[in-house]
Amino acid sequence: MKNKNFATNAAYLSGKRTRPLVSLMALSSVAAVAPCTFMALARAETAPNASINQHSQIPQEYRPSAASTPAPVKPAGFWDKARLLPSLQSRPENYAQPQTLNLPLNEPAALVHQGPWGIFNSNAGAASGWGTVGYYAVERWAEDWSNLRDKKNRIDIMDPLKYIPLNDSGSIYLTFSGNFRQHNFYDQRAGFGQTKKDPAYRQNMRWNLGADLHLGEHVRLYGELMSGQAGGINYYGYNNGRWRSNLDAQQAFVEIKGHLLNAKMGVMIGRMAFLDAPPYFTAGSVYPTIPYSWNGVRAYSFWKNFRVDVFDLTLTNWPLENVPFHDQVGYKTRLFGAYTSYAVPSFTFLGKKSQIFVDTYYLGFLLASAQIAKQTGSISGSTHRDTPGMRVWGNAGPIEFSAGGSWQGGYFNAADHGPSRPVSAYSFNAQLSWRFAKWWGRPAIGIQADDVSGGNYNKSQTSSWGSYMSPFVPSAYYLDMSTYLGNQNLIDVGPILTMAPTSNTTLLMKVPVVWRNSTNDAIYSNPTAPYGLRPHGGYTATLPQASFAWRATRHITLSIDGEYIFAGKALISAGASSGAYVQSNLDLTF
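Residues numbered from 1 in each chain as written. Predicted model: local features only at pLDDT ≥ 70, side-chain atom pairs only at ≥ 80, totals over all residues. Heavy atoms only, no water.

1. Quick word on the overall build of the protein chain
If you tally the helices and strands in the protein chain, you get four helices and 24 strands. Of all 590 residues assigned to the protein chain, the portion counted as buried reaches 58%. Accessible surface, the protein chain as shown: approximately 23,200 Å² in total, 62% of it carbon and sulfur. (Helix = DSSP H or I, 4+ residues; strand = E, 2+ residues; numbered from the N terminus. Buried < 20%, exposed > 50% of the residue type's maximum accessible area, 1.4 Å probe, protein only. Areas by Shrake-Rupley, 256 points an atom, 1.4 Å probe, with all protein chains shown as cover.)

2. So, unusual backbone geometry
Put simply, aspartate 198 and proline 199 share a cis peptide bond, and its omega is -10°. Tracing the chain through its elements places proline 199 in the loop between β2 (172–188) and β3 (200–215). Here the phi dihedral of asparagine 234 falls at roughly 55°; this positive angle occurs in a residue that is not glycine. Checked against the element boundaries, asparagine 234 lands in the loop between β4 (219–233) and β5 (245–260). Using a relative accessible area of 34% as the deciding quantity, one classes asparagine 234 as partly exposed.

3. With respect to the pattern of salt bridges
Throughout the structure, instances matching the rule amount to twelve salt bridges. Between glutamate 143 and arginine 140 there is a salt bridge, with the nearest N and O atoms lying 2.5 Å from each other. Between arginine 298 and aspartate 309 there is a salt bridge, and its shortest N-O distance comes to 2.8 Å. Placement of the pair is arginine 298 in strand β7 (residues 294–302) and aspartate 309 in strand β8 (residues 306–317), with a sequence separation of eleven residues. In this structure, arginine 298 and aspartate 309 share a single accessibility class: buried. (Salt bridge = Lys/Arg side-chain N within 4 Å of Asp/Glu carboxyl O.)

4. Some details on the nonpolar core
Phe120, Trp130, Phe192, Trp294, Phe472 and Tyr484 are the most contacted members of the largest nonpolar core, which totals 74 residues. At eight residues, strand β11 (residues 352–373) tops the list of elements feeding residues into this core. (Core = buried A, V, L, I, M, F, W, Y, C linked by side-chain atoms within 4.5 Å.)

5. Focus: the confidence of the model for the protein chain
When the pLDDT values of the protein chain are averaged, the result is 83; 81% of them are 70 or greater. Segment residues 1–82: pLDDT under 50, and 146 contacts once partners within four positions in sequence are set aside and those in other chains are kept. (pLDDT = per-residue confidence, 0-100. Contact = heavy atoms within 4.5 Å.)

6. Examining the environment of glutamine 431
Secondary-structure assignment places glutamine 431 in strand β14 (residues 420–435). The class for glutamine 431 is buried, based on a relative accessible area of 6%. Taking the C-alpha atoms as reference points, glutamine 431 and phenylalanine 401, 30 residues apart in sequence, are found 5.4 Å from one another. Of note is the side chain of glutamine 431, whose polar atom sits 2.8 Å from the side chain of glutamine 448. (Polar contact = N/O pair within 3.5 Å; in protein donor to acceptor, adjacent residues only side chain to side chain.)

7. Observations regarding the environment of aspartate 309
Of the residues examined, aspartate 309 reaches a relative accessible area of 1% and is grouped as buried. Separated by 29 residues in sequence, aspartate 309 and alanine 338 place their C-alpha atoms 5.5 Å apart. With near-sequence residues (within four places) excluded, aspartate 309 lies in contact with Phe274, Asp276, Arg298, Ala299, Tyr300, Gly337, Ala338 and Tyr339. In terms of polar contacts, aspartate 309 uses its side chain to reach the side chain of arginine 298, at 2.8 Å.

8. A word on the packing of aromatic side chains
For the coordinates displayed, the defined rule picks out 37 aromatic pairs. For the ring pair tyrosine 136 and tryptophan 145, a centre distance of 6.4 Å and an interplane angle of 45° mean the geometry is tilted. For tyrosine 136, a relative accessible area of 10% gives the class buried. Here the aromatic cluster, defined as three or more aromatic residues joined through ring pairs, consists of Trp117, Phe120, Trp130, Trp141, Tyr222, Phe253, Tyr300, Phe302, Phe357 and Trp393. Over the face of the ring belonging to tyrosine 478 we find lysine 510, whose NZ or CZ atom lies 5.7 Å from the ring centre. (Phe/Tyr/Trp six-rings, centres within 6.5 Å; stacked < 30°, edge-to-face > 60°. Lys NZ or Arg CZ within 6 Å of the ring centre and 35° of its normal.)

9. Things to note about the pairing of strand β23 (residues 556–567)
Judged by which residues are buried, β23 turns out to be one-sided: Thr557, Ser559, Asp561, Glu563, Ile565 and Ala567 face inward and are buried, whereas Ile556, Leu558, Ile560, Gly562, Tyr564 and Phe566, on the alternate face, are not. Sheet topology note: the strand β21 (residues 539–542)/β23 ladder contains two bridges and is antiparallel. Paired with alanine 541 across the strands is alanine 567, a residue of β23. For strand β22 (residues 545–551) and β23, the ladder comprises seven bridges, and the chain directions are antiparallel. Bridge assignment links phenylalanine 548 to a residue of β23, and that residue is isoleucine 560. Connecting β22 to the next strand, β23, in antiparallel fashion are four residues. Two elements, β23 and strand β24 (residues 579–589), share ten bridges in a ladder whose sense is antiparallel. Residue isoleucine 556 lies in a different strand from β24, and its bridge partner there is leucine 588. (Pairing = 2+ DSSP bridges.)

Here it is, written out as structure tokens:
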């Protein structure tokens with residue numbers, strides 16, 4: 001019965017193709033200012049003597065005391081930190097360890113553009129469900145530039161594009177944003193040597209322009225155009241429309257918001273990004289070139305110490321034809337559920353202010369195309385998963401931690417009217433670090449461990465399947481920067497270090513040691529693609545890796561990542577190889 005119902009749903013879901021009307025508005029709005037935007041980027045970026053005002057949207061913990069007065073900004077050289085560089089701790093890739101994200105206590109108001117979310121602006125806004133938000137945000141619509149109504153807060157040559165008042169009171173205003181990102185990859189024996197491209201030199205780049213129109217306090221429209229391309233030498237893997245995509249509407253939604261039941265409430269309808277999930281479940285997909293975007297409805301409510309988010313979304317379909325404005329509302333992949341977060345009242349522990357969040361969630365998803373492993377090859381089909389879970393994270397004094405667990409039920413239906421089998425799986429994920437705040441670089445040194453269940457392909461094809469699935473690309477910086485390993489059927493443990501050697505650099509180092517949870521299930525390159533390798537024994541690999549980022553200016557960030565994959569002997573005997581991975585990144589943002 002489940003197989004029949006799912007087939008009926010999939011047929012319905014795959015039969016519709018629509019395109020958001022709002023994309024036309026986004027195109028005209030953004031294109032109109034593109035020339036002046038890039039001309040402005042070529043100019044100097046700082047008003048060196050701008051004074052800084054406090055802004056009520058900043059949580060109290062981030063404001064200087066009433067007695068303190070921000071020091072005047074000195075004219076300085078191009079790379080001088082006195083030019084008000086924003087903290088790099090809000091860098092999107094750091095979302096993999098949100099409990100470590102803390103903006104400096106006296107960060108000037110002009111360098112923090114968070115919304116009115118109170119305590120949920122803690123941890124660089126990661127607790128709000130919008131992704132990290134500092135000077136810039138992972139999702140640009142999460143930024144609040146309304147403090148630029150006061151011209152004393154304008155410190156950057158791009159500020160005139162961040163707040164354009166359209167009425168006398170300034171309640172109707174327009175904000176423009178943009179980003180260019182380039183990734184360069186070097187792969188030695190990629191994917192444990194299974195890609196047969198050695199070495200591979202890959203490159204991808206994307207640019208996006210966004211327009212955020214606020215129509216008073218209760219309504220806003222957001223549109224974002226994005227384009228991306230990929231190439232290289234001896235490259236591999238560009239087999240979906242998210243690697244190469246001509247100009248299209250990446251996001252286009254309307255938001256209606258207000259105050260009700262002592263809460264800040266709102267609803268978003270249209271095409272949007274979604275990040276309200278643990279980073280080991282999804283982080284929006286930094287790779288391929290084009291990140292995920294979703295279509296549907298999302299409603300949220302924020303009280304003083306509690307928030308809730310409910311959503312029903314379908315994944316955008318990126319066709320391989322690479323035709324401009326041809327992306328469609330896809331109905332073959334659906335994500336739905338609810339996420340709640342409770343902010344435990346702040347307390348002091350070991351002389352440091354502490355904040356802990358208790359999150360509970362239900363994440364359901366439907367995939368019309370999925371695979372599970374068998375003794376040789378894989379079984380294609382479709383799957384429905386229900387994932388209730390809980391996560392406790394934050395800091396208690398110098399102790400920074402995240403601990404979560406979830407169970408996953410549902411069913412897998414083999415293709416061509418094959419058998420249906422129930423799913424029963426689990427995932428446990430934990431990080432624990434000690435922050436040495438008085439040491440150089442304020443390092444946090446700790447350990448990470450994960451236990452993600454696997455299946456058993458020796459059982460009958462109607463028996464329960466035990467392999468946990470998180471198909472929406474967990475953060476690449478959570479476990480494996482190379483993304484050769486997916487978060488499925490594994491146990492890992494290893495040390496982790498995060499630190500800020502200078503005010504505008506960050507360093508992440510970790511060495512996870514990985515085993516298979518079930519030796520009767522495959523190793524997965526991602527949760528829907530098992531490798532053909534079937535080694536004996538559980539040990540998989542050791543993955544020493546590091547990431548270094550440098551924010552040269554408010555608009556330029558450079559970073560480099562490296563990893564070596566030491567494959568286990570049993571894996572090598574089964575046909576795998578050890579290999580190296582290096583990635584360099586350039587971000588230009590306004």
